[in-house]
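Report on the structure
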Amino acid sequence: MAVPSIVCKNMTKREMKSGRALAVLVGGVFFLAVMSLYRMLDLMQGAEPQLSRDWSGERFDQDLSRLRNKIDGLEQLLISNNRMVATLRDSLRIHKQGGVNKSIGSSHVRKESLPGCQLAEQKERSAGVQLLDVYDLLPFDNPDGGAWKQGFQITYQGNEWAEQPLELFLVPHSHNDPGWLKTFDGYYQDQTRHILNNMLLKLGEDSRRKMIWAEISYFSKWWNEIDEQKRMMVKRLVEAGQLEMVTGGWVMADEANSHYFALLDQLMEGHQWLQRHLGLKPSSGWAIDPFGHSPSMTYLLKGAGLRNMVIQRIHYAVKKHFAQKKTLEFLWRQSWDSSHSSDITCHMMPFYSYDVPHTCGPNPAVCCQFDFYRLPGGRTSCPWRIPPQPITEKNVKERAHVLLDQYRQKSRLFRIPVLLVPLGDDFRYVESGEWDAQFNNYQKLFDYFDQHPELHIKARFGTLSDYFSALHRRLSATETSLPTLSGDFFTYADRDDHYWSGYYTSRPFYKRLDRALESTLRATEILFSLTLAEMRRFHGDLVVGFPAREHFQRLVEGRRNLGLFQHHDGITGTGRDPVVVDYGTRLFHAILHLRQVQQSSAHWLLLLDKNQYHHDQSKPFLQTDDVISAQDALPQKTPLVLSDEPRVLIVYNPTEQRRSSVISVVVSSPDARVVDSETAQPMPVQISAVWVEPQQVSSQAFQLSFVAELPPLSLTVYHVTKAPAGSTPRSTYVIHRHGNRPSIASQHFQLSRLEAAEAQTHLSLSNKHLQIWSSPETGLLQKLRLSSGLVRRVQVKFLWYGTTTNRDKSGAYLFLPGQGGAQPYSSEPPLVRVSRGPIFSDITSCFQHVTHTVRLFHLEGHSGKSIEISNMVDIRAETNRELVMRLESDVASSNRFYTDLNGFQMQQRRTLKKLPLQANFYPMSSSSFLQDSLSRLTLLSAQSQAAASLQSGELEVILDRRLQQDDNRGLGQGVTDNKLTGSLYHLLLEDRRAVQEVGGATIDHLSLLAHLESLSLCHPPIIMFAQSDIQLPKLRPFLPLHSSLPCDVHLLNLRTLEAEEETGAPSQEVALLLHRKGFECSSAPEPPPQCTWSAHEEVNLDDLFSPLQFRSIRRSGLTLLRDHDEPTSARQQQPPRLAKLGPMEIAAFRAVLD
Ligand SMILES: [Zn+2]
């Protein structure tokens, strides 16, 4: 790859300076080494238990855990040393080569051919606290802390605030779940609209009153119902700083199961709404109820222009540790980002919950007395049995001192005497009396504080911005800096061994449907945007008769329904049954409506003579090749009736990469021919049986598969006709059941039995890249061999988890498997079916509860390098059971493995014996891997679920869970609405033998090949066909791009923005969202993929979509708010327009396509 001259010049300069640089570098690294050794010793001393107490019977356990702590500490030390040695080695090498961009020595030949990955690797390891290290350090012993049960006794002298008075902001909030026990509309009617109506009245009464609001889904619904006068009142409250919109997302999103596409999309939907209707942009994030927190969300918030954020559901032991270290406020940093530009100020709430008893101070029995909604005679009371008292002249002094004591104790947990005290709970402030009770009583207490300056407290109602402004002001005045932290906050536990890892899997059917809608939405957004651009290019305007406005509204509906489902009781699977059906119906309708947009956009794009276009929704020209009949149904392929007349088949490739894909449709004939309509070239085909039952072949329907070569973002046209009998290659089948011969007959396919001799050996399939071996008894995978010669044992097993016999059992949120762990799945020997064909071969095992298929594609390019695994699970007849698929391998991964966070980044996990089994489960939204010095085993998934690696070399995912009881987190039911549920994966084994191991690195990315595989898996081609009973017009393929985008640049979205002058209509502007992936160098795809990549941290926007051009393009914040547009980008209006885009970075542009 050519290196532009400008970089060479820089390198020469760098070389000139290298002598000095080396001295500084080595000196710096040495200093760091000494410092971190020092810190490790310090930590180890801190981990010594105090021996003054009498440990009696627990002594042995304590000694063991002490030993374990020491070993953990030593291990840490070793890792840390390895890291330092590697850093030193790297810096010497970099020096020797005179610069980082130059090719690297012979030991890293592979890296030389992959310059892009260096950028990802070079990034220095981020400084500050790593959460993984905190987990290694903590004993997780859960001692009783007294009034603050999970914490400790807080003490103060009383004179701490004499110089700097305590500044307190009481922040009224109402947590409105967009669906949980009631549906979104149900809550809106019963509660939310009253809350918002009363807010207008009650905030208007007194300018000192404040309120924050987070969920734009609710706010926008209410806005649509109120008159202009009320809207003006809202604007006045916002301008006066009495009402603050926080986060501004469509919902308060789940951060474990959601994919970053959907997380960003719902944030964009909310922010776009706020800009349009209120002209504001949020500056503070508020996430008090999601069950654990992810740095991917913070990256998006920072990218959207937010400066501060509040989080709440964090493991109680981590909270306590942070409180002890006074690090509850910190700069949250992306592990991979050394520029620190992604840092965001984060406030972690210290106590158990976000309700009033757990926010004023450490003692809930006291704080509850200051929740004036619970005044005697009301609907709710204090479970600690000391009721609140209305504040009167008589009791105000005593009450104020009691409250001040809590405030002061809480304040001792923070570095700066500015205190954030939330005042609210779920669906609060419904009735106007509640507003009066809270605001009037608190105002009396505040007035008392004001009248007594000797108490050194200034308390008032505030918003988050009020709080954070005061915090930043005091931080800079005292030159105090906040500590930095990297990592994530999974897996959450709120008490004891109650780990919230169940919701990573609950309602897996809908978790999968979520991703189906997500890929449908992205594909439709892009196709629709390209269609409008093409129309404008050819006609100067939109085509009359093309329902652009209706389609745009379907897109908005799709965005909003996907957005709603990202709610922390939506995709999490923690809503009541009717609420789940409501979400499912929304997802289902959104998919159907988006398909209409795809069909008519494709129709217009494909027509040679555009004058022939006409739109008739009741009789569309194109239709999708499958039908989804209901929200809880799986898609069914529609059989294509073949004859001698060609049927038109359209394949849309929604990815930015050229790809070879196997397209499968169901046809009426066992012989068929597929030709490319442009070249008239016949495509390689394979006919396979359609299995109605494990032992029954359909005699009417046949699966036709062919290999399609699909240019990026293209629509390709194929003609399918009936072929002469016996002319089409067919799959052959070997069918076997251990101990019980199956009897199956078919007139069209060759079926044979496994002969006795074969039944003793392995079943085997292979393509040019790899070979697999499976057990003849179960059909399950046992071993893999790559063409490089690398052999790995990878055994697939199924197991069951039950639930504990204790009172608290597994439910929608919690995973409480109890002692003993998973039990092997045992059943009748399965029916095993081996199919072989020219395009793909597979082995299917039909167990009672799962049909499991492992498929190998006989493809030339990288698509043939992974194994496709699919499961169809049915546990509807089970009681309190969870079905798990486990891979047992000989990869020496020790206790380390990696799972992705929201499909955006990889996070190292450490399986810790000191934690219960359920704590070692983590969310996996799209990928997970294990590795050692020889190989990496990556499991890419098309849906979110729980993953763990409980033993070295193991990786397991939970497929479905059926639980009969509630787990006491408010839902009031179990999860028993299981359905026939599919799951889909690609398994990728990669050779790492040419790589030098750099021990203990916590930042690791997927390989380039894994990224490309994941892209194919998550964004499958979309198949449409033309109605058979119409006169076929002339069609030509749509090929918008000359070439693929760079391999590491993902087109996240091309989203048409709403017209400013016309609500509900599309504008000419699109949001272009690019994500440059970070990838690691250890395994270069061979042969190299067809796409290219660059070592430079920039992309040329003029080349990227060639021949498409941008008439204008302007970089913006991630949610496309106008005032985030970069002022410098105006200069960039002339070509070549370059945009800086480093590895891992997402960039958003506001553009007009020419
Ligand atoms: Zn909630």
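Here is what the cut-offs are and how they apply
- Residues numbered from 1 in each chain as written.
- Predicted model: local features only at pLDDT ≥ 70, side-chain atom pairs only at ≥ 80, totals over all residues.
- Heavy atoms only, no water.
- Helix = DSSP H or I, 4+ residues; strand = E, 2+ residues; numbered from the N terminus.
- Buried < 20%, exposed > 50% of the residue type's maximum accessible area, 1.4 Å probe, protein only.
- Contact = heavy atoms within 4.5 Å.
- Areas by Shrake-Rupley, 256 points an atom, 1.4 Å probe, with all protein chains shown as cover.
- Donors = N, O, S within 2.8 Å, 3.2 Å for Na, K, Ca; no water.
- Tetrahedral: all angles 85-135°; square planar, octahedral: opposite > 155°, others 65-115°.
- Pairing = 2+ DSSP bridges.
- Salt bridge = Lys/Arg side-chain N within 4 Å of Asp/Glu carboxyl O.
- Disulfide = S-S within 2.5 Å.

1. A closer look at the overall build of the protein
Helix and strand content of the protein: 22 helices and 49 strands. Considering the protein as a whole, with its 1154 residues, one finds that 62% of them fall into the buried category. In the protein, 76% of the contacts between residues at least 6 apart in sequence involve partners at least 24 apart. As presented, the protein carries roughly 43800 Å² of accessible surface, and 51% of it is formed by carbon and sulfur atoms.

2. Concerning the coordination of the zinc ion
At this site the zinc ion is bound by His175 (NE2), Asp177 (OD), Asp289 (OD) and His568 (NE2), with donor distances of 2.0 to 2.1 Å. Coordination geometry of the zinc ion: the four donor atoms subtend angles of 91 to 163 degrees at the metal centre, consistent with an arrangement described as irregular. For the zinc ion, the donor residues sit on a single chain with the sequence spacing H-x1-D-x111-D-x278-H. Of this pair, His175 sits in strand β2 (residues 166–175) while His568 sits in the loop between α18 (548–565) and α19 (577–606), and the two are 393 residues apart along the sequence. Owing to a relative accessible area of 1%, His568 belongs among the buried residues under this scheme.

3. Brief notes about the environment of Leu790
Structurally, Leu790 is set in the loop between β27 (781–786) and β28 (791–801). Considered as a pair, Leu790 and Arg992 are 202 residues apart in the sequence and their alpha carbons are 9.7 Å apart. Not counting the four nearest positions on each side in its chain, Leu790 is found in contact with Leu784, Arg785, Leu934, Ser935, Leu989, Glu990, Asp991 and Arg993.

4. Looking at the pairing of strand β31 (residues 840–846)
When you tally the buried positions in β31, you get seven out of seven residues, the bulk of the element. Neither face of β31 is left uncovered, since the one carrying Phe840, Asp842, Thr844 and Cys846 and the one carrying Ser841, Ile843 and Ser845 both have all their residues buried. Hairpin connection from strand β30 (residues 831–836) to β31: three residues lie between these consecutive antiparallel strands. Note that β31 and strand β32 (residues 850–857) share seven bridges and pair antiparallel. By the bridge assignment, Phe840 is partnered in β32 with Phe857.

5. Points about helix α21 (residues 1008–1018)
Summarising burial for α21: ten of the eleven residues are buried, a large majority. The inward-facing, buried residues of α21 abut α17 (508–539), β39 (935–941), β42 (981–991) and β44 (1049–1058).

6. Comments concerning the pattern of salt bridges
This model, assessed by the stated rule, comprises 61 salt bridges. Its salt-bridge partner being Glu656, residue Arg522 comes within 3.2 Å of it at the nearest N-O pair. On the criterion of sequence distance, the pair formed by Arg522 in helix α17 and Glu656 in the loop between β17 (647–652) and β18 (659–667) is long-range, its members being 134 residues apart. A single burial state applies to Arg522 and to Glu656, both of which are buried. Connected via shared salt-bridge partners are Glu167, Arg460, Arg473 and Arg474.

7. Points about the state of the cysteines
On inspection of all chains with the given rule, the structure shows three disulfides. One disulfide bridge connects Cys1047 with Cys1091, the sulfur atoms lying 2.0 Å from each other. Judged by the torsion about the S-S bond (105 degrees), the Cys1047/Cys1091 disulfide is right-handed. Placement of the pair is Cys1047 in the loop between β43 (1022–1026) and β44 and Cys1091 in the loop between β45 (1066–1076) and β46 (1098–1100), with a sequence separation of 44 residues. A relative accessible area of 6% means that Cys1047 is categorised as buried.

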